[in-house]
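Observations on chain architecture
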Amino acid sequence: MPVVGVDAHKKTHTLVAVDDLGRKLGEKTVAATSEGHLSAVQWAGQWPGMRFAVEDCRHLTRRLEADLLRAGYSVVRVPTRLMAAARRTGRQRGKSDPIDAEAVALAALRDPDLPTARLDGPARQVKLLSDHRHDLVVERTKLCGRLRWHLHELDPELHVPSRGLRRFHVLDELATMLGRFDGTVARIARDLVSRCRELTTQINALERELDGLVKQLGPSLLTIPGVGALGAAMILGETAGASRFKSKHAFARFNGTAPVPVWSSNKVRVRLNRGGNRIVNTALHMAAVTQTRGLGPGKAYVDKLLSEGKTRTEALRLLRRRLSDRVFSALLTDEREHQQPATMTAIGRPERNLHTAA
């Protein structure tokens, strides 16, 4: 099947079409607008059965992928490392937009199991809210650090409890105390207390909203010991549909719990996978640590591994791999129960937005 490789940029997209053997068929540059995407579709129509391959840079290709999917084309996403490898082995030396677009197409020809772009589901909302909450938490943490230094300067004997600056009654007491001080440091401290209160209010509201969405989209996921609403939101938002993975092993490679083989000859050895989706990996790690504290079957499993000579770190890695399989099964169960037909447009095509996390 012929492939159109796309090198995407903010203002323009460069397209190169290649046949099944990798021979270049044509080249075109279009504007990064809906009109330019329509021109690309019309240009690709001269080759029947054409599919599109885009470099996996979601913020640049989101609109293009949506337009191509609505036009009925298949779209695959090529990781940057595969595209770079294809460019190094290409016939033409150097780097340009056409060379990059051709490298994307060649990488898509060589690897038939690349992830495909798909029309969006409700998990996109979970991802956006979860990411926004994370950004607010990072901002609050930074402000709390600055506020503690100002409070120490004003009163070295003042004790603020650990994580106390996220509690409203502690913020109220600080605001009252700071009213007794004059000067620039006290004024800045009062502003930071006010900002911490505002951020905490927003974070709590987002957590309540995420809790409701997760209970609706992932009830089976929440039954896994150690997986709370925030961890489930991280998994749902980043996974973007477990059905797109062909097996639990593919899902484990996606989240970084599948080890990397590093052996030769007769002795089989593996090493820690430091790749994969680190957000899902973090959620699995939090669940694993929670289980080792006595919630769920993880503690007995880890104790068994420790008695066999494994280190605690190795035992936690193996528990994460087990949890990955269980999470994958729960995601599939929830998706089967919540599958609904997409709303149809006037011309009979599904009308949804593209998902960002695939």
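Heads up: these notes are all about the structure in this document.

The rules behind these values
- Residues numbered from 1 in each chain as written.
- Predicted model: local features only at pLDDT ≥ 70, side-chain atom pairs only at ≥ 80, totals over all residues.
- Heavy atoms only, no water.
- Helix = DSSP H or I, 4+ residues; strand = E, 2+ residues; numbered from the N terminus.
- Contact = heavy atoms within 4.5 Å.
- Lys, Arg positive; Asp, Glu negative; His and termini not counted.
- Charge placed at Lys NZ, Arg CZ, Asp CG, Glu CD.
- Patch = residues over 30% accessible without salt bridge, like charges linked within 9 Å, V, L, I, M, F, W, Y side chains within 5 Å.
- Areas by Shrake-Rupley, 256 points an atom, 1.4 Å probe, with all protein chains shown as cover.
- Salt bridge = Lys/Arg side-chain N within 4 Å of Asp/Glu carboxyl O.
- Buried < 20%, exposed > 50% of the residue type's maximum accessible area, 1.4 Å probe, protein only.
- Core = buried A, V, L, I, M, F, W, Y, C linked by side-chain atoms within 4.5 Å.
- Axes fitted to C-alpha atoms, helices over the stretch in contact; angles between N-to-C directions.
- Parallel < 35°, antiparallel > 145°, perpendicular 65-115°, else oblique.
- Nonpolar A, V, L, I, M, F, W, Y, C, P; charged D, E, K, R; others polar.
- Pairing = 2+ DSSP bridges.

Side note on the overall build of the protein
- For the protein, the helix and strand inventory stands at 13 helices and seven strands.
- The dimensions of the protein, computed from C-alpha atoms along their principal axes, are 75 × 55 × 45 Å.
- Taking contacts inside the protein between residues at least 6 apart in sequence as the whole, the part at least 24 apart equals 61%.
- In the protein, which carries 58 positive and 38 negative side-chain charges, the distance between the mean positions of the two groups comes to 6 Å.

Observations regarding a positive patch on the surface
- On the surface, a cluster of positive charge is contributed by R271, R274, R278 and R317.
- Structurally, R278 can be placed in helix α11 (residues 278-292).
- Residue R278 is classed as partly exposed on the basis of its relative accessible area of 40%.

Observations concerning the environment of A258
- Positionally, A258 belongs in the loop between α10 (248-255) and β6 (260-261).
- Taking the relative accessible area as the measure of exposure, A258 reaches 12% and is therefore buried.
- Residues A258 and G298, spaced 40 residues apart in sequence, show a C-alpha to C-alpha distance of 18 Å.
- The residues contacting A258, other than those within four sequence positions of it, are A252, R253, N273 and R321.

Focus: the nonpolar core
- Counting residues in each nonpolar core, the largest one holds 57 residues, and the members touching the most others are L174, L221, F251, V327 and L331.
- Among the secondary structure elements, those contributing two or more residues to this core are α5 (123-154), α6 (168-178), α7 (184-217), α9 (229-239), α10, α11, α12 (298-307) and α13 (312-338).
- Considering each element in turn, this core owes the most residues, twelve residues, to α7.
- Leaving out residues up to four positions away in the same chain, V327 has contacts with L221, I224, I235, F251 and L284.
- Counting 19 residues, the second-largest nonpolar core is a separate cluster that includes A44, W47, L68 and Y73.

Notes on the packing of α10 against α11
- Contact geometry of α10 with α11 gives a least axis separation of 7 Å together with a crossing angle of 100°. As judged from the angle between their axes, α10 and α11 are roughly perpendicular. Along its contact with α10, which presents F251, F254 and N255, the element α11 presents V280, N281 and L284.
- Partitioning the contact of α10 with α11 into residue classes produces four nonpolar, two polar and no charged.

Describing the sheet that holds strand β2 (residues 12-18)
- Across the sheet, five strands lie side by side as β3-β2-β1-β4-β5; this open sheet has mixed pairing. Edge positions in the open sheet fall to β3 (24-31) and β5 (75-78), since each of these has one partner strand only. Across the sheet, the mean angle from the axis of one strand to that of its neighbour is 25°, orientation sign disregarded.
- Direction of pairing for β2 relative to β3: antiparallel, over a ladder of seven bridges. Across the sheet, V18 pairs through a bridge with K24, a residue of β3.
- Its contacts with the sheet place helix α1 (residues 34-44) against β1 (3-8), β2, β3 and β4 (51-55), and it is angled at close to 165° to β3.

None of the figures reported here should be taken as evidence of function without further support.
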